[in-house]
Structure formats: structure tokens, C-alpha cells
Amino acid sequence: MPGWVEQAVDDYQRRLPRELRLSWRNVPLSRRGRDRNSESLRERDGAALLKGLSPDDHCVALDSSGQAWSTERLAVQLEDWQSRRQDLSFLIGGPDGLSSRCLKMAGQRWSLGSMTLPHPLVRVVLVEQIYRAWTINVGHPYHRGASIRTAARDQ
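Report follows, based on the coordinates. Bear in mind that the values here come from a model prediction, so they are computed numbers and not experimental data.

1. Here's the deal with the overall build of the protein
Item 1. Counting its secondary structure elements, the protein contains six helices and three strands.
Item 2. In sequence order, the secondary structure elements of the protein are arranged as α-α-β-α-β-α-β-α-α.
Item 3. Computed over the C-alpha atoms, the radius of gyration of the protein is 16 Å, within 12% of the 15 Å expected from 2.2 N^0.38 for a compact globule of 155 residues.
Item 4. Dimensions of the protein, computed from C-alpha atoms along their principal axes, come out at roughly 55 × 35 × 30 Å.
Item 5. Of all 155 residues assigned to the protein, the portion counted as buried reaches 41%.
Item 6. Here the analysis covers contacts within the protein between residues at least 6 apart in sequence; of these, 78% occur between residues at least 24 apart.

Written as C-alpha cells, this is what we have:
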């Protein structure tokens, strides 16, 4: 990862409490070439990604076809994830997206929006939004948007 990504991710991770520690696992991409199609690359990369997961993990696929959540909705979701007391794995696809097996393994699909984001930037957005959701839940002034009560009432 580029230095600016590591710096941003480390900054937000330092702010999170111990019970929300994140660990990142990099999965090398399959070799790209003219003789490889997107589907086979996606499946090969997906198999490597799934290899590191426990069957007990709650998986969330970051996928453009998933649900788009407001930050306040993510705060409610974060409380739910924490109450499950199980490991949570976010699946971030490579340039070809997530495999069908990854999407089936995921208990939820979350869309960060309809734009395509580069993998390094997804890390920064993900950790910042988790931090922001946590600050909402603990009443920290970092987030200046609507409260959870307002967001829950509006949904």
C-alpha cells in the first residue's frame, strides 16, 4: 500500500478502542494476462480471499450492488456487529470485483456508493467510517451529523 494509505489507516486505527482493532490481510492478485478473463481472475482471487476466513466469521462484502448506508445507519450496524461477539471480516475485491463464492459467503453486502474506488482508498474510507460510527455510538463530537435516534426514526 502507498505510504499515504498506511498513514491514514494507522491514524484512524490508533483512535479506535481495543475492542475494535482491525487487522488487514493482503491477498496477492492473480497474474493478469491476455489469456485470462475477468470471471476466472475473480474466482481465483476469491478463492485466495476465502482461504483466510473462519467459518464462524460474519462476512460483509463491499460490493457496489450492496446496500448503501448512511453513517448513522452504519453506527447502528456497528452496534449490532459488536453485540454478535464474533469476528467480522470485510471482503474487498480486487480490480475485477468479488467472486460469486465471496458474495455467497457474505452475510451482508455494503455499498460505499456507485463510484468505483481504488482498493487503497477503500481501506481509508472503511476505517474512517468505522471510526466515525464508533464516535456516534459513544457520543464523541467527531461526527456532526444527525444522531442515531434521528436516523433510526427516518428509516
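2. Focus on the pairing of strand β1 (residues 58-68)
Item 1. For β1 and strand β2 (residues 88-92), the ladder comprises five bridges, and the chain directions are parallel. If you follow Val-60 over to β2, its bridge partner there is Phe-90.
Item 2. Of the crossover connections in this fold, the one passing from β1 over helix α3 (residues 71-84) to the parallel β2 is right-handed.
Item 3. Pairing of β1 with strand β3 (residues 108-111), which is carried by five bridges, proceeds in the parallel orientation. Opposite Ala-61, over in β3, you have Arg-109 as the bridge partner.

3. Some points on the packing of aromatic side chains
Item 1. Counted under the stated rule, the structure contains seven aromatic pairs.
Item 2. On the numbers, 5.9 Å between centres and 55° between planes, the contact of Trp-69 with Trp-81 is tilted. Placement of the pair is Trp-69 in the loop between β1 and α3 and Trp-81 in helix α3, with a sequence separation of 12 residues.
Item 3. On the accessibility criterion, Trp-69 (13% relative accessible area) is buried.
Item 4. Seen from their ring centres, Trp-69 and Trp-110 are 5.2 Å apart, and the 20° between their planes marks the pair as stacked. In this pair, Trp-69 is assigned in the loop between β1 and α3 and Trp-110 in strand β3, connecting sequence segments 41 residues apart.
Item 5. Stacked on the ring of Trp-69, the Lys or Arg Arg-73 has its end atom at 5.7 Å from the ring centre.

What counts and how
- Residues numbered from 1 in each chain as written.
- Predicted model: local features only at pLDDT ≥ 70, side-chain atom pairs only at ≥ 80, totals over all residues.
- Heavy atoms only, no water.
- Helix = DSSP H or I, 4+ residues; strand = E, 2+ residues; numbered from the N terminus.
- Rg over C-alpha atoms; globule rule 2.2 N^0.38 Å.
- Buried < 20%, exposed > 50% of the residue type's maximum accessible area, 1.4 Å probe, protein only.
- Contact = heavy atoms within 4.5 Å.
- Pairing = 2+ DSSP bridges.
- Right-handed = clockwise from strand over helix to strand, strands pointing away.
- Phe/Tyr/Trp six-rings, centres within 6.5 Å; stacked < 30°, edge-to-face > 60°.
- Lys NZ or Arg CZ within 6 Å of the ring centre and 35° of its normal.

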